[in-house]
Amino acid sequence: MLPETEMSPAAKKMDVFGTEYASRKAVFLISDENPETARSGALFFQNRLLNSHVFNDFSRAFSGYNPADITSFYLPYRFRLPSFTEDEPLTRDVLLNRLNIRLFSPFPEGPRVGFADDPFGNTESFISSIALPSQVLRFENGFLTNHDKAGTHILITSTLSGSAFDPSVQEKATGIYDQIGAALADAFPSVQVSHTGAVFFAAKSRLRASREMNLVGLGSLIFVSFLVLFVFRSLNHLLLGIACICAGILTATSVTVALFGKLDLLTIVAGSSLIGVAVDYPIHFFAHHLAADRDWEPIECLKRISPGLKLGLLTTVLGYLSLLITPLPILRQIAVFSVAGLVGSFGTIYFLLPARMSKPLSGSRFLVDWAGKCFVCLSPSRKTGHAVPIIFVIVLLMVMANGNLNVDDDVHLLMGSRQELLKEEAKVTAVTGLSNSSQYFLISGFNEEEVLRNEEALAARLGDLVAKGKLSGFQGITSFVPSLHQQENTLKRWTDLSPEILIDVLRGGGLKEKYIEGFVKEIKKEKGKALKIEEWRQAGWSKPFRYLWLGKVDKMYFSAVVPSGFMSTQILDHASEGLSGVRVVDRVREVSRLFGIYRVRATAALMIAYLLVWLTLLPRYGWKDSLYLLVPVGTATLVVVAIIPLLGIPFNLFSVFSMILLLGIGADYSIFLAEAKDRRDVVFLAILLAAMTTLLSFGLLSFSSTPALRSIGTTLFIGIPISVLLLPMVILGRKDEHQ
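For clarity, every value in this text was computed on a predicted model and none was experimentally measured.

Draft legend 1. Molecular detail of the overall build of the chain. For the chain, the count of helices and strands is 28 helices and 11 strands. Considering the chain as a whole, with its 739 residues, one finds that 54% of them fall into the buried category. For the chain, the exposed surface amounts to about 33200 Å²; the carbon and sulfur share of it is 60%.

Shown next as structure tokens:
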């Protein structure tokens, strides 16, 4: 439910790889001080994963390449591979030195090319420069293994049988992992297991959202039930209130699924707070029922309060609908869910309540009288009626004087605490050298050769950063396939080399004449057989790296370079500065930037919402009264803006969203009170009860582990009480009060 970024088609293609391919990967790290115990534990762990039928394709992404396959692939192109630095001339001394290295290093790690085929080690030198998945991992007994001071670490990678974002797959994957982890602990107590993968992060988010939904939903329902029973002392009122809530939630769910196809987790959690708002409308009817005498007529009562209820619903809906202009899908979905839920709950009042509440309620008017006294206490005298605009101006000046809003548009506002999983991911990265970065370089050109040359220019800069320790490594298509220009330059150095010098050096190395003659002929043969990207893609071992070549997209060709081990994206920006066809793609930074843009747009939407609500009130109340009705909620909004910096709460898109909600709710209360006429005690009681239910529902979001929801909850928790306390003042400025 993140917004669509302004990505090129090629970047979107790379993004699809990250979502559909990388997200299905699950990575496990088996560690122990004893190498044999680590291997036994890894075999135990992998066999049980295999039997689960949830994880499969073990380590294929890495074990699919065999070092011997790589050397045999590159050997025919050995004179085109840039194994010597460009400023290193092929002199007799240089060749002798390379030859001696080959002669006196007979047992290097991994397979090697025969001495007669590649006496100067061109192939091995090039392969050693390739950034394979991890240069710290080695194949030992069928496992990718790393040894360090802490012990032996074995990497097991697998592919999920389904999507990492499928709840059933998440439940199975986490359940299987917990079971196998427990069995491993019993069989090998000293073995430690670390894990990472999108499925575990998604499962954690889903579990957290489920808990918060239960907290908000169940907490709200319990409080609303208690409040209704305490105030109205009637099981009938409780059941009718729950019926209105259920009607709202069912309507909201049906409409949202019909329009969006699914409910996002954040919508479910935020929608749980709908309980507190959906019950507002029946509570107003209940309050009039509580204060009714023996002449109670439910239909007449509904007709009397309907104008205010309908106008209140309209203003609330306008507030939510203003969110539809934001390009953020999650806010649009929450808006649709809330509007549909409120309409569903509102409609239930007309179809259900009058028929089920035909008799007057026999109960005490104590709470009605108490609400009336509260209203009188909060209402200043008419002589201080001008205090309303004065208070508004004072608060506005407070906001302007403060001016210390801590703006934070980080996309991680949508994510909760994941410290435990992040620590495990960091451990896997530290031990294996594998990274899960969302930043990469996108290289473009009008043809394959231009792309490769542009990438090589970038690779030269990145190589300098690696040498300076500012970058641990990088991976790109030119690590595997040099540009034709580079290949031709490398080959030319060999063809320009004097045959006499070459033969003399090889004889000095003890190579037989027939091999020397064959070696010299091979140099001449390479003139017509350049290494091409398509040939490399056909090699089985290249599968894990093919995503680096995006190919032709529209009319351009693209490749990707993935860096690892950098401290900040500023390093990447500096590396790409001034290079043709090179740009940095940072999904997190791009979405965060869009959040900032949407925050500004949402602020404009908030102002437009105030204008629309005022225009909606204008025909019924006139321009002055309409302004007075918006003073309490407007003042509450300004107070929130002034207070949140003092509490250390960042201001972001979701803060503005909550202010739009505050407008809809606060405007409702003003309208209800304006329509009260001689029943202000009853209406003010209804407002107090509605505010309490709404305050609790949204207030519970303040305890959410998701910063975005926490921001919404805190804003409303501050704003709603202030709006209610200022409500009696709206009466002072209205015309009918002075007549």
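Read on, since the account is not over.
Draft legend 2. Main features of the nonpolar core. Of all hydrophobic cores here, the largest spans 104 residues; its most connected members are Tyr 669, Phe 698 and Ile 712. Here this core takes 17 residues from helix H24 (residues 587-643), the largest share from any one element. Grouped together as the second largest cluster of nonpolar side chains are 44 residues, Ile 443, Leu 550, Phe 558 and Val 562 included.

Draft legend 3. Representation of a negative patch on the surface in the model. A cluster of like negative charges, contributed by Asp 293, Asp 295, Glu 297 and Glu 300, occupies part of the molecular surface. With respect to the helices and strands, Glu 300 occurs in helix H13 (residues 298-321).

Draft legend 4. Representation of the confidence of the model for the chain. The pLDDT averaged across the chain works out to 78; a share of 79% of its residues lies at or above 70. Every residue in residues 60-64 scores below 50 in pLDDT, and together they form 13 contacts with partners more than four places removed in sequence or on other chains. The low-confidence segment residues 735-739, where pLDDT is below 50, has 7 contacts with residues more than four positions distant or belonging to other chains.

Draft legend 5. Just the packing of aromatic side chains, in detail. Per the counting criterion, the structure on display carries 16 aromatic pairs. Geometrically, the ring pair formed by Phe 73 and Tyr 74 is edge-to-face, given 5.0 Å between the ring centres and 80 degrees between the ring planes. Owing to a relative accessible area of 0%, Tyr 74 belongs among the buried residues under this scheme. Taken together, a centroid distance of 5.1 Å and an interplanar angle of 65 degrees make the contact between Tyr 74 and Phe 126 edge-to-face. With a gap of 52 residues between them, Tyr 74 in helix H4 (residues 67-74) and Phe 126 in helix H6 (residues 122-129) connect regions that are remote in the sequence. The burial state of Tyr 74 is the same as that of Phe 126; both residues are buried. Ring-pair connections join several aromatic residues into one group, and the members of that group are Phe 73, Tyr 74, Tyr 77 and Phe 126. Arg 48 extends its terminal NZ or CZ atom over the ring of Phe 44, reaching a point 3.5 Å from the ring centre. It is Arg 233 that lies over the ring of Phe 230; its NZ or CZ is 5.4 Å from the centre.

Draft legend 6. Representation of helix H27 (residues 707-726). With 20 residues, H27 ought to run about 28 Å at 1.5 Å a step, and its terminal C-alpha atoms sit 29 Å apart, in line with that. Within H27, 15 of the 20 residues are buried, which leaves it mostly tucked inside the rest of the structure.

Draft legend 7. Region of the structure containing the packing of helix H9 (residues 235-260) against helix H12 (residues 280-290). H12 packs onto H9 with a crossing angle of 160 degrees between their chain directions and a minimal axis gap of 10 Å. As the angle between them shows, H9 and H12 are arranged roughly antiparallel. Crossing hand, H9 versus H12: right-handed. Across the interface between the two elements, His 237, Leu 240, Gly 241 and Cys 244 of H9 pack against Pro 282, Phe 286 and His 289 of H12. For the contact of H9 with H12, the class distribution of residues is 4 nonpolar, 3 polar and no charged.

Draft legend 8. Representation of the environment of Ser 205. Inspection of the secondary structure assignment puts Ser 205 in helix H8 (residues 198-232). Placed 501 residues apart in sequence, Ser 205 and Thr 706 show a C-alpha to C-alpha distance of 9.4 Å.

Draft legend 9. Broad picture of the pattern of salt bridges. On inspection of all chains with the given rule, the structure shows 3 salt bridges. The salt bridge partner of Arg 80 is Glu 488, with a shortest N-O separation of 3.2 Å. With Arg 80 in the loop between H4 and helix H5 (92-104) and Glu 488 in helix H19 (residues 484-495), the pair connects residues that are 408 residues apart, well separated along the chain. As a salt-bridge pair, Arg 620 and Glu 675 come within 2.6 Å of each other at their nearest N and O atoms. Of this pair, Arg 620 sits in helix H24 while Glu 675 sits in the loop between helix H25 (653-674) and helix H26 (680-699), placing them 55 residues apart in sequence.

Rules behind the numbers
Residues numbered from 1 in each chain as written. Predicted model: local features only at pLDDT ≥ 70, side-chain atom pairs only at ≥ 80, totals over all residues. Heavy atoms only, no water. Helix = DSSP H or I, 4+ residues; strand = E, 2+ residues; numbered from the N terminus. Buried < 20%, exposed > 50% of the residue type's maximum accessible area, 1.4 Å probe, protein only. Areas by Shrake-Rupley, 256 points an atom, 1.4 Å probe, with all protein chains shown as cover. Core = buried A, V, L, I, M, F, W, Y, C linked by side-chain atoms within 4.5 Å. Patch = residues over 30% accessible without salt bridge, like charges linked within 9 Å, V, L, I, M, F, W, Y side chains within 5 Å. Salt bridge = Lys/Arg side-chain N within 4 Å of Asp/Glu carboxyl O. Lys, Arg positive; Asp, Glu negative; His and termini not counted. Charge placed at Lys NZ, Arg CZ, Asp CG, Glu CD. pLDDT = per-residue confidence, 0-100. Contact = heavy atoms within 4.5 Å. Phe/Tyr/Trp six-rings, centres within 6.5 Å; stacked < 30°, edge-to-face > 60°. Lys NZ or Arg CZ within 6 Å of the ring centre and 35° of its normal. Expected span 1.5 Å × (residues − 1). Axes fitted to C-alpha atoms, helices over the stretch in contact; angles between N-to-C directions. Parallel < 35°, antiparallel > 145°, perpendicular 65-115°, else oblique. Left-handed = near helix turned anticlockwise from the far one by under 90°. Nonpolar A, V, L, I, M, F, W, Y, C, P; charged D, E, K, R; others polar.

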